[in-house]
Amino acid sequence: MKLVTFSHLHRTAPDRIEGQDTHVGVYLPMEGAPGRILNLEAAHEWLNKRRGGSSPYAPPMTMIGLLDGGPEAMERVRGLAEAACADEEAMWECTQPADDVQLLAPVPFPRTIRDFYAFEQHVKAARALRGLEMIPEWYDHPVFYYSNPGAVYGPYDDVDYPRATNEVDYELEIACVIGKPGRDIAAEDAGEYIAGYTIMNDWSARDTWRNFESKLSMGPAKSKDFATTLGPWLVTPDELEDRREGTGAAARYNLNMAARVNGKELSRGNANSLTHTFAAMIEWASTDVWLRPGDVIGSGTVGTGCILELRPENTGGWLKPGDVVEMEIERLGLVRNRLVGGREG
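Description of the structure in this document. (Residues numbered from 1 in each chain as written. Predicted model: local features only at pLDDT ≥ 70, side-chain atom pairs only at ≥ 80, totals over all residues. Heavy atoms only, no water.)

## As for the packing of aromatic side chains
Evaluation of the coordinates by the stated rule reveals six aromatic pairs. Arranged with centres 5.4 Å apart and planes meeting at 85°, the rings of Phe-144 and Tyr-146 form a pair that is edge-to-face. A relative accessible area of 48% means that Tyr-146 is categorised as partly exposed. When the ring of Tyr-197 is compared with that of Tyr-253, the centres are 5.2 Å apart and the planes differ by 65°; the resulting orientation is edge-to-face. In this pair, Tyr-197 is assigned in strand β13 (residues 194–201) and Tyr-253 in strand β17 (residues 252–253), connecting sequence segments 56 residues apart. The pair Tyr-197 / Tyr-253 is uniform in exposure class, with both members buried. Aromatic rings pair up to connect Phe-116, Phe-144 and Tyr-146 into one cluster. If you follow Lys-180 out to its NZ or CZ, it ends over the ring of Tyr-193, 4.7 Å from the centre. (Phe/Tyr/Trp six-rings, centres within 6.5 Å; stacked < 30°, edge-to-face > 60°. Buried < 20%, exposed > 50% of the residue type's maximum accessible area, 1.4 Å probe, protein only. Helix = DSSP H or I, 4+ residues; strand = E, 2+ residues; numbered from the N terminus. Lys NZ or Arg CZ within 6 Å of the ring centre and 35° of its normal.)

In structure tokens:
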């Protein structure tokens, strides 16, 4: 399934209020036509009317609510979607064109965001720019930092250009979302805790990190604090099974990844080039602590996946107000954000 959070009201990202005209749905691709959004609340009402009774199960109003229900709630949603899609009347009563709604981030308010540093190609290139060799410790286990769950933007939102930087960058990543609680999760079992995958843009202020945080041995902090894009939907693992390579702790997905700025492709990579797998990330993240449904685990930047690595002199410079950044990952869709406001220089 491709799970979505959507609204009928158009609002800018800082005005998001979960629960006020936000709904959980399923994106339905339509052959030869634009996709449609199945509203789970409407489908539930239709099914009750069809059966002449009232189901004790009510669909969740938020994605966190769905994830809190664990695999059992996910299966109920799957059954509801299958029942609605098999009925022509339900398809028109309970769905609407995707263009008629505003897609929000699949998880608009994650409980936490842990962003890892898991692609060796990117790590080597970033360290080389500072004249540094790879360190053996990086290979011991994946490392992460915490990002800001309150600064999540949807797949097509405008993103405010931050005031405390002159060097805004994008970072092309894939992320997973935790679907059931767990602590001290073994890498071999980690796949059972993944609800789905989505695209992630880890927006970055490079000079804030270089000129301030790194000198104080802190961060990333304010250099990553202002925006993270997630979307357009949360794709459940079963939809990617034919692209899986390896099993258990070694599982990766063969999914092409690309980023474009103002229509020009700058970055291209593949999710199967992960050095540390999502299973390894989950094992380390859950060591001594609980992971909860709605926690986001970011992969870190794929090789070539940012201006820092490619160098601004080769890409037309750092991002500026008005630039449109698109990211596309096979099977996971496309996100498109425009930088607005702020100042240049």
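This is not the end of the story, as more comes after the structure.
## Topic: helix α6 (residues 206–213)
Every buried residue belonging to α6 is among Arg-206, Asp-207, Thr-208 and Glu-213, and all of these are buried. Against the buried residues of α6 lie β10 (168–169), β14 (204–205) and α8 (307–310). (Contact = heavy atoms within 4.5 Å.)

## Observations regarding the pattern of salt bridges
A pair can form between side chains of opposite charge whenever their charged atoms are brought close. Summed over all chains, the structure comprises 25 salt bridges. Between Asp-238 and Arg-78 there is a salt bridge, and its shortest N-O distance comes to 3.3 Å. Taken together, the positions of Asp-238 in the loop between β15 (228–235) and β16 (244–245) and Arg-78 in helix α3 (residues 70–85) put the pair 160 residues apart, joining distant regions of the chain. Asp-238 gets classed as partly exposed once you look at its relative accessible area, which sits at 43%. Judged by relative accessible area, which is 18%, Arg-78 ranks as buried. Note that Arg-244 and Glu-241 form a salt bridge whose closest N and O atoms lie 2.4 Å from each other. For Arg-244, a relative accessible area of 31% puts it in the partly exposed group. (Salt bridge = Lys/Arg side-chain N within 4 Å of Asp/Glu carboxyl O.)

## Points about the sheet that holds strand β22 (residues 324–329)
In space, the five strands of this open sheet follow the order β9-β23-β22-β18-β19, with mixed pairing throughout. A strand with exactly one partner marks an edge of an open sheet, and here the two such strands are β9 (158–160) and β19 (264–270). Taking each pair of neighbouring strands and ignoring which way they run, the sheet shows an average axis angle of 20°. One ladder, built from three bridges, connects β9 with strand β23 (residues 333–340); its direction is parallel. Looking at the pairing, Val-159 lines up with Leu-339 of β23. (Pairing = 2+ DSSP bridges. Axes fitted to C-alpha atoms, helices over the stretch in contact; angles between N-to-C directions.)

## Section: the environment of Arg-50
Structurally, the position occupied by Arg-50 is in helix α1 (residues 40–51). Residue Arg-50 is classed as exposed on the basis of its relative accessible area of 51%.

## Side note on the nonpolar core
The biggest cluster of nonpolar side chains holds 61 residues, and the ones touching the most others in it are Tyr-170, Ile-174, Tyr-197, Trp-203, Phe-278 and Leu-319. Here the element with the most residues in this core is helix α7 (residues 278–285); it accounts for five residues. Grouped together as the second largest cluster of nonpolar side chains are 34 residues, Leu-38, Trp-46, Ala-84 and Val-152 included. (Core = buried A, V, L, I, M, F, W, Y, C linked by side-chain atoms within 4.5 Å.)

## So, the pairing of strand β11 (residues 172–178)
β11 sits mainly inside the fold: seven of its seven residues count as buried. Side chains Leu-172, Ile-174, Cys-176 and Ile-178 project from β11 onto one buried face, and the interleaved Glu-173, Ala-175 and Val-177 project onto a second face that is buried too. Relative to strand β21 (residues 296–298), β11 runs antiparallel, the two being bridged by three bridges. By the bridge assignment for β21, Val-177 is matched with Val-296.

## Quick notes on α7
For α7, the set of buried residues is Phe-278, Ala-279, Met-281, Ile-282 and Ala-285. Viewed end-on, α7 has its buried residues packed into an arc of 160°, placing them on one side of the element. Summarising the contacts, the buried residues of α7 are in contact with β6 (113–116), β7 (144–146), β11, β13, β20 (290–291) and β21. (Arc of directions from axis to C-beta.)

## Quick word on unusual backbone geometry
Put simply, Gly-231 and Pro-232 share a cis peptide bond, and its omega is -5°. Assignment of secondary structure puts Pro-232 in strand β15. Non-glycine residue Arg-331 carries a positive phi angle of around 70°. By secondary structure assignment, the location of Arg-331 is in the loop between β22 and β23.

## Regarding the side chain of Ser-204
Relative to the elements of secondary structure, Ser-204 occurs in strand β14. The class of Ser-204 is buried, set by a relative accessible area of 1%. Separated by 2.5 Å, the side chains of Ser-204 and Glu-171 make a polar contact. Here Lys-224 takes part through its side chain, which lies 2.6 Å from a polar atom of the side chain of Ser-204. Residues in contact with Ser-204, not counting those within four places in the same chain, are Glu-167, Val-168, Asp-169, Glu-171, Ser-223, Lys-224 and Phe-226. (Polar contact = N/O pair within 3.5 Å; in protein donor to acceptor, adjacent residues only side chain to side chain.)

## Describing the environment of Tyr-146
Examined against the element boundaries, Tyr-146 turns out to sit in strand β7. Put simply, Tyr-146 and Ile-113 are 33 residues apart on the chain and 5.7 Å apart in space, counted from C-alpha to C-alpha. At a separation of 3.0 Å, a polar atom in the side chain of Tyr-146 contacts the side chain of Arg-114.

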